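Here are the chains, one letter per residue:
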Amino acid sequence: MNRIPAIAAAVLAVCLALAPATARAQDHVAEPDTVLRLGIAWQGESHMQDRLATGLAEVLEQVAPQIEVEWRRELASQMALDQTAREFQSTKDAMVLMRSTGAMYLGNNPPTIPAFIGGCNNPVILGAVPDLEKPGGLVTGVTYYLSHHDVIKAFKAILPGLESILLIYQIDHPGGAIDLSLIHISEPTRRRDSSRMPSSA
């Protein structure tokens with residue numbers, strides 16, 4: 001399934017619904033043709049984010065030309081992400097912080113403008129939102145997270161004789177620790193093997 005239109009629609013909904021509230025707080029009334037300022041950023045290299053960014057830019061240009069987008073791609077460090085997020089909160093109407101690092105950042109630093117997450121692991125465990133069904137606050141978005149119980153159930157349906165699971169994860173990626181912990185919770189009695197992959201791999 002192509003997720004780009006759904007993600008773009010969600011970003012659009014966040015901006016159109018919440019940015020006028022920001023404008024009213026500044027003693028302005030947002031008109032339908034008001035240019036909305038959106039900042040999009042992520043930390044580190046990711047081919048998935050590159051593909052997502054390309055599709056997202058195309059769809060937003062088609063369906064929401066009134067949204068003015070500033071991109072900050074492949075930020076070098078958590079400090080750079082922090083500086084960018086702070087800048088966005090003083091210059092933009094809304095922001096998108098991609099990847100698990102972005103969701104984790106929002107969990108530790110509640111935003112002052114509407115914030116959208118995408119391309120991340122479980123946002124509840126990362127701290128971005130308190131509940132998947134009712135995120136609340138100024139943070140919403142989409143996640144690629146699927147219940148590990150459901151994933152393993154699907155594996156077992158395809159491979160009834162499944163006796164062990166090998167999990168390969170990246171040591172310094174926040175999603176790796178989540179996958180490792182949740183697979184143990186999902187299958188406490190099944191034999192598991194894990195292999196840690198260095199960040200440079």
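Before any of the text, the structure's been laid out above.
For the structure given in this document, a descriptive report is provided here. (Residues numbered from 1 in each chain as written. Predicted model: local features only at pLDDT ≥ 70, side-chain atom pairs only at ≥ 80, totals over all residues. Heavy atoms only, no water.)

1. Comments concerning the overall build of the protein
Stage number 1. Along the backbone of the protein there are seven helices and seven strands.
Stage number 2. Along the protein, helices and strands appear, N-terminal first, in the series α-β-α-β-α-β-α-β-α-β-α-β-α-β.
Stage number 3. A sequence separation of at least 24 residues applies to 63% of the contacts in the protein between residues at least 6 apart.
Stage number 4. Total accessible area computed for the protein in this model is approximately 11300 Å², and 55% of it derives from carbon and sulfur atoms. (Helix = DSSP H or I, 4+ residues; strand = E, 2+ residues; numbered from the N terminus. Contact = heavy atoms within 4.5 Å. Areas by Shrake-Rupley, 256 points an atom, 1.4 Å probe, with all protein chains shown as cover.)

2. A closer look at the side chain of Arg 99
Stage number 1. Looking at the secondary structure, you find Arg 99 in helix α4 (residues 99–108).
Stage number 2. The buried charged residue Arg 99 lacks any salt bridge, with Glu 74 as its nearest oppositely charged partner at 8.0 Å.
Stage number 3. Of note is the side chain of Arg 99, whose polar atom sits 3.4 Å from the backbone oxygen of Glu 45. (Buried < 20%, exposed > 50% of the residue type's maximum accessible area, 1.4 Å probe, protein only. Lys, Arg positive; Asp, Glu negative; His and termini not counted. Salt bridge = Lys/Arg side-chain N within 4 Å of Asp/Glu carboxyl O. Polar contact = N/O pair within 3.5 Å; in protein donor to acceptor, adjacent residues only side chain to side chain.)

3. Considering the sheet that holds strand β1 (residues 36–43)
Stage number 1. Spatial ordering of the open sheet is given by β2-β1-β3-β4-β5, a layout of five strands whose pairing is parallel. Looking along the sheet, the strands with just one partner apiece sit at the ends: β2 (67–75) and β5 (139–141). Across the sheet, the mean angle from the axis of one strand to that of its neighbour is 20°, orientation sign disregarded.
Stage number 2. Most of the contacts of helix α3 (residues 78–91) go to β2, to which it runs at about 170°, and overall it touches β1, β2 and β3 (94–98).
Stage number 3. The sheet strands contacting α4 are β1, β3, β4 (115–118) and β5, and the helix crosses β3 at an angle near 125°. (Pairing = 2+ DSSP bridges. Axes fitted to C-alpha atoms, helices over the stretch in contact; angles between N-to-C directions.)

4. Let's talk about the packing of aromatic side chains
Stage number 1. On inspection of all chains with the given rule, the structure shows zero aromatic pairs.
Stage number 2. The ring centre of Trp 71 lies 4.6 Å from the NZ or CZ of Arg 73, which sits over that ring. (Phe/Tyr/Trp six-rings, centres within 6.5 Å; stacked < 30°, edge-to-face > 60°. Lys NZ or Arg CZ within 6 Å of the ring centre and 35° of its normal.)

5. Observations regarding a nonpolar patch on the surface
Stage number 1. On the surface, a cluster of nonpolar side chains totalling about 270 Å² of accessible area is made up of Leu 146, Val 151 and Phe 155.
Stage number 2. Locating Val 151 in the fold gives a position in helix α6 (residues 148–158).
Stage number 3. Here Val 151 falls in the partly exposed class, since its relative accessible area comes to 30%. (Patch = residues over 30% accessible without salt bridge, like charges linked within 9 Å, V, L, I, M, F, W, Y side chains within 5 Å.)

6. Here we look at the nonpolar core
Stage number 1. One finds Met 95, Leu 97, Leu 106, Ile 117 and Val 139 to be the most contacted residues of the largest nonpolar core, which totals 20 residues.
Stage number 2. Listing elements by their share of this core, those giving two or more residues are α3, β3, α4 and β4.
Stage number 3. The element contributing the most residues to this core is α3, with four residues.
Stage number 4. Excluding anything up to four places from it in sequence, Leu 106 contacts Met 95, Leu 97, Pro 111, Ala 115, Ile 117 and Val 139. (Core = buried A, V, L, I, M, F, W, Y, C linked by side-chain atoms within 4.5 Å.)

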